[in-house]
Amino acid sequence: MEVNTDMKTALTIAGSDSCGGAGIQADIKTMTVNGVYAMSAVTALTAQNTTGVKDIMEVSSSFLKEQLECIFTDIYPDSVKIGMIASKELIKTVKDALIKYKAKNIVLDPVMVATSGAKLISDDAIDTLKKELLPIAAVVTPNIPEAEVLSGMKISSKEDMEAAAVRISEENHCAVLLKGGHNLNDANDLLADGKNITWFQGKRIDNPNTHGTGCTLSSAIAANLAKGFSLVDSVKKAKEYISGALNAMLDLGKGSGPMNHGFMIK
């Protein structure tokens, strides 16, 4: 029997989504379909469905630390995706572990508000996120409302998007993938990496079911970085994947439903 030792690995550090469309469930599906072995460190349990978040129960910082130590000391991840971390204590725990174990290819999705509109992070945690995690990330992937918080700017045009992305990148020494949408530029995203601004053109897909799009995109980027693709190519491949997942037109639930993460599986 041939032994496979070539499989690349990726870790998601995020909250659980009980309806499976976002959070670690979306991350694991995305990473798996994109060809890497997925692992997870759970930051919180959520009681939620497509209509909204009903409750959140955080894990303790000591338990999160144990999860991370178990992963890094056994199956070392080739990339790390960070999603929902709702408190400053947990943010510091994650930062300490990533520094300790010299984590690479860190993709930070600064989850602040759910697709349903529910707030997922405290105000003091936002400041800690900016101070502790942005400077160690390879790329941060805010949407427009999140980029407004991170940059302190109002974003209402393509030029505003470029200015905000450059400001976040320069202040935090990381690349920034600013996602379009929210009535701007259809599905066009831009990447500011400290040297260049690269626009990724996308066509808005007429699908109201967008639960978990941010989680999915950042996980697909992490999967491609784990496989050795450049950041630009990783973003390009991730956008192609999420377009396919949306275009599959899955329709589940009574609210903003999930995408079909496994659309390529027949």
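Data block above holds the structure.
All figures in this text were calculated on a predicted structure; none of them were measured in a lab.

Even after reading the chapter, I still don't get the overall build of the protein chain, so can you show me in this structure?
Looking only at helices and strands, the protein chain has eight helices and nine strands in total. On C-alpha atoms alone, the protein chain measures out to a radius of gyration of 17 Å, which is about the 18 Å that the 2.2 N^0.38 rule sets for 266 residues. Projected onto the principal axes, the alpha-carbon positions of the protein chain cover approximately 50 × 45 × 40 Å. Of all 266 residues assigned to the protein chain, the portion counted as buried reaches 53%. Restricting to contacts in the protein chain with at least 6 residues of sequence separation, those with at least 24 account for 68%. For the protein chain, the accessible surface area stands at approximately 12,200 Å², while carbon and sulfur atoms represent 51% of it.

Teacher, can you tell me more about the pairing of strand β9 (residues 197-200) here?
Residues in a regular strand point their side chains to alternate faces of the sheet. Here four bridges tie strand β8 (residues 189-192) to β9, and the two strands are oriented antiparallel to one another. The partner of Ala-192 across the bridge, within β9, is Ile-197. Following β8, the chain reverses through four residues before pairing antiparallel with β9; Gly-194 in that reversal takes a positive phi of roughly 95°.

Hey, could you run me through the sheet that holds strand β2 (residues 37-49) in this one?
Strand pairs in the sheet, formed through backbone hydrogen bonds, run parallel or antiparallel to each other. Strand order in the open sheet made by the nine strands is β3-β2-β1-β4-β5-β6-β7-β8-β9, with mixed pairing throughout. Here the strands that pair on one side only, and so sit at the sheet edges, are β3 (52-58) and β9. Against the sheet, helix α2 (residues 61-72) contacts β1 (9-17), β2 and β4 (79-82), and its axis sits at roughly 155° relative to β2. Strands β1, β2, β3, β4 and β5 (106-108) of the sheet are contacted by helix α3 (residues 88-100), whose axis makes an angle of about 170° with β4.

Would you mind going over the state of the cysteines with me for this structure?
Here a disulfide denotes a covalent bond joining the sulfur atom of one cysteine to the sulfur atom of another. For the structure on display, the rule yields zero disulfides. In this structure Cys-174 is a free cysteine whose sulfur lies 19 Å from that of Cys-215, the closest cysteine sulfur available. Note on Cys-174: relative accessible area 4%, which makes it buried. Its sulfur unpaired, Cys-215 is 11 Å from the next cysteine sulfur, which belongs to Cys-19.

So what exactly am I meant to see when it comes to α3 here?
For the α-helix, the turn length of 3.6 residues means that residues three or four positions removed from each other point alike. Helix length check: α3 (13 residues) gives 18 Å between terminal C-alpha atoms against 18 Å at 1.5 Å per residue, within 8%. Of the residues making up α3, those classed as buried are Leu-90, Ile-91, Thr-93, Val-94, Ala-97 and Leu-98. Taken down its axis, α3 places every buried residue within 160° of arc, on the same side. Pointing more than 90 degrees away from the buried face of α3 are the exposed residues Asp-96 and Lys-100. Following α3 by one or two positions, Lys-102 has its phi on the positive side, about 55°.

Honestly, the environment of Leu-11 in this entry has me stumped. Any pointers?
Within the element layout of this structure, Leu-11 appears in strand β1. When its relative accessible area of 0% is taken as the criterion, Leu-11 is described as buried. For the pair Leu-11 and Gly-228, spaced 217 residues apart in the sequence, the C-alpha separation amounts to 15 Å. Residue contacts for Leu-11: discarding those within four places in its chain leaves Met-31, Met-39, Ser-40, Ala-41, Leu-68, Ile-71, Phe-72, Pro-77, Ser-79, Val-80 and Lys-81.

Reading the values: the criteria
- Residues numbered from 1 in each chain as written.
- Predicted model: local features only at pLDDT ≥ 70, side-chain atom pairs only at ≥ 80, totals over all residues.
- Heavy atoms only, no water.
- Helix = DSSP H or I, 4+ residues; strand = E, 2+ residues; numbered from the N terminus.
- Rg over C-alpha atoms; globule rule 2.2 N^0.38 Å.
- Buried < 20%, exposed > 50% of the residue type's maximum accessible area, 1.4 Å probe, protein only.
- Contact = heavy atoms within 4.5 Å.
- Areas by Shrake-Rupley, 256 points an atom, 1.4 Å probe, with all protein chains shown as cover.
- Pairing = 2+ DSSP bridges.
- Axes fitted to C-alpha atoms, helices over the stretch in contact; angles between N-to-C directions.
- Disulfide = S-S within 2.5 Å.
- Expected span 1.5 Å × (residues − 1).
- Arc of directions from axis to C-beta.

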